[in-house]
Amino acid sequence: GENVEQHPSTLSVQEGDSAVIKCTYSDSASNYFPWYKQELGKGPQLIIDIRSNVGEKKDQRIAVTLNKTAKHFSLHITETQPEDSAVYFCAASMGDYKLSFGAGTTVTVRA
Amino acid sequence: DTAVSQTPKYLVTQMGNDKSIKCEQNLGHDTMYWYKQDSKKFLKIMFSYNNKELIINETVPNRFSPKSPDKAHLNLHINSLELGDSAVYFCASSRVMRTATTDTQYFGPGTRLTVL
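What counts as what
Residues numbered from 1 in each chain as written. Chains lettered and ligands numbered in written order. Predicted model: local features only at pLDDT ≥ 70, side-chain atom pairs only at ≥ 80, totals over all residues. Heavy atoms only, no water. Helix = DSSP H or I, 4+ residues; strand = E, 2+ residues; numbered from the N terminus. Buried < 20%, exposed > 50% of the residue type's maximum accessible area, 1.4 Å probe, protein only. Contact = heavy atoms within 4.5 Å. Core = buried A, V, L, I, M, F, W, Y, C linked by side-chain atoms within 4.5 Å. Pairing = 2+ DSSP bridges. Axes fitted to C-alpha atoms, helices over the stretch in contact; angles between N-to-C directions. Disulfide = S-S within 2.5 Å. Phe/Tyr/Trp six-rings, centres within 6.5 Å; stacked < 30°, edge-to-face > 60°. Buried area = accessible area lost by both parts, 1.4 Å probe. Salt bridge = Lys/Arg side-chain N within 4 Å of Asp/Glu carboxyl O. Polar contact = N/O pair within 3.5 Å; in protein donor to acceptor, adjacent residues only side chain to side chain.

Observations regarding the side chain of Glu58 of chain B
Part 1 of the reasoning: Of note, Glu58 of chain B is situated in the loop between β6 (53–57) and β7 (64–70).
Part 2 of the reasoning: The class of Glu58 of chain B is buried, set by a relative accessible area of 19%.
Part 3 of the reasoning: Apart from the residues within four sequence positions on either side, Glu58 of chain B is in contact with Lys98 of chain A together with Lys44, Ile45 and Met46 of chain B.

Some remarks on the nonpolar core
Part 1 of the reasoning: Trp35, Phe73, Leu75 and Tyr88 of chain A are the most contacted members of the largest nonpolar core, which has 24 residues in total.
Part 2 of the reasoning: Going through the elements one at a time, β2 (10–14), β3 (19–25), β4 (32–38), β5 (45–51), β7 (62–67), β8 (72–77), β9 (86–92) and β11 (105–110) of chain A are the ones with two or more residues in this core.
Part 3 of the reasoning: If you look at the next biggest cluster of nonpolar residues, it comprises 20 residues, including Leu11, Phe47, Ile78 and Ala87 of chain B.

A look at the sheet that holds strand β3 (residues 19–25) of chain B
Where strands meet in a sheet, backbone hydrogen bonds hold them as pairs that are either parallel or antiparallel.
All names here are of chain B.
Part 1 of the reasoning: A sheet is described by the order of its strands in space; here four strands give the open sequence β1-β3-β8-β7, paired in antiparallel fashion. The sheet is open, and its two edges are formed by β1 (4–7) and β7, each paired on a single side. Neighbouring strand axes in the sheet, compared pairwise and without regard to direction, differ in orientation by 20° on average.
Part 2 of the reasoning: Looking at chain direction, β3 and strand β8 (residues 73–78) are connected through four bridges and run antiparallel. Across the sheet, residue Lys19 finds its bridge partner in β8, namely Ile78.

As for the state of the cysteines
Cysteine pairs can be covalently joined through their sulfur atoms, and such a bond is termed a disulfide.
Part 1 of the reasoning: Going through the model one piece at a time under the given rule, you end up with two disulfides over all chains.
Part 2 of the reasoning: A sulfur-sulfur distance of 1.9 Å marks the disulfide that ties Cys23 of chain A to Cys90 of chain A. The chirality of the disulfide connecting Cys23 of chain A with Cys90 of chain A is left-handed, given an S-S dihedral of about -100°. Here Cys23 of chain A is found in strand β3, whereas its partner Cys90 of chain A is found in strand β9, with 67 residues between them in sequence.
Part 3 of the reasoning: Taking the relative accessible area as the measure of exposure, Cys23 of chain A reaches 0% and is therefore buried.
Part 4 of the reasoning: Among the residues examined, Cys90 of chain A registers a relative accessible area of 0% and is labelled buried.
Part 5 of the reasoning: The partner cysteine of Cys23 of chain B in its disulfide is Cys91 of chain B, sulfur to sulfur 1.8 Å.

Some remarks on the packing of aromatic side chains
Part 1 of the reasoning: Taken as a whole, this structure holds 13 aromatic pairs over all chains when the rule is applied.
Part 2 of the reasoning: A ring pair is formed by Tyr35 of chain B and Phe107 of chain B, whose centres lie 5.1 Å apart and whose planes are at 45°; its orientation type is tilted. Of this pair, Tyr35 of chain B sits in strand β4 (residues 31–37) while Phe107 of chain B sits in strand β10 (residues 106–107), and the two are 72 residues apart along the sequence.
Part 3 of the reasoning: On the basis of relative accessible area, Tyr35 of chain B is assigned to the buried category, the value being 0%.
Part 4 of the reasoning: Taken together, a centroid distance of 6.4 Å and an interplanar angle of 75° make the contact between Phe90 of chain B and Phe107 of chain B edge-to-face. Placement of the pair is Phe90 of chain B in strand β9 (residues 87–94) and Phe107 of chain B in strand β10, with a sequence separation of 17 residues.
Part 5 of the reasoning: Residue Phe90 of chain B is classed as buried on the basis of its relative accessible area, which comes to 1%.
Part 6 of the reasoning: Members of the aromatic cluster, each reached through a chain of ring pairs, are Tyr36, Phe89 and Phe101 of chain A together with Tyr33, Tyr35, Phe90 and Phe107 of chain B.

Description of the interface of chain A and chain B
Part 1 of the reasoning: The interface of chain A with chain B comprises 23 residues on the first partner and 27 residues on the second.
Part 2 of the reasoning: Across the interface of chain A and chain B, roughly 1900 Å² is buried in total on both sides, 57% from carbon and sulfur atoms.
Part 3 of the reasoning: Ionic pairing is found between Glu58 of chain B and Lys98 of chain A, a salt bridge with its closest N-O pair at 2.9 Å.
Part 4 of the reasoning: On the surface where chain A and chain B come into contact, there are six residue pairs in polar contact (both at pLDDT 80 or more).
Part 5 of the reasoning: Secondary-structure elements contributing two or more residues to the side of chain A that touches chain B are β4, β5 and β9 of chain A.

Structure, rendered in structure tokens:
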């Protein structure tokens, strides 16, 4: 099955700086790559996703890039704010209903 | 309005008991899922139902039995609870899967199960 690796496991950034989280996937058939944000005591919430026919997608301060050749994708958060502090998960899917998740990155934004 | 809701939010029980977790979605989706999040926050799919039909059944002990009375509900029944079942269980839903792609999955708030 699909194996997704996510780095780093923890990330501390100064407010206003950028944060970057990287994921790699194993199966070249994967074609859907969502990113979820999970706040304490809550369920994961989709923040952005990208499909394999697109190389980059941006939504305000959040962007995702996909390199199909290298089988990796990244989340970029610019101008970080305290409310960005959370656990972020990447995931990959081959279009078979299954989402394979990375292990998560705990992001702390220091005020 | 809550899109995907779960009850209860917390469940504390003794080993050997049988318990159920309920999930409802009001998004009109046809596909629903159960995920387990362990103590290290790793998320893993357990089951998926599409229009009341089981389509994914990962390597989950048969003590876990999902039931979908209609496409808006997917309940999870667990028999003979064990200490290792302690985790947070998330329900999720998505639209009908289109060929060779995956639609966005929307997660519920989770049920924290503690087995003593």
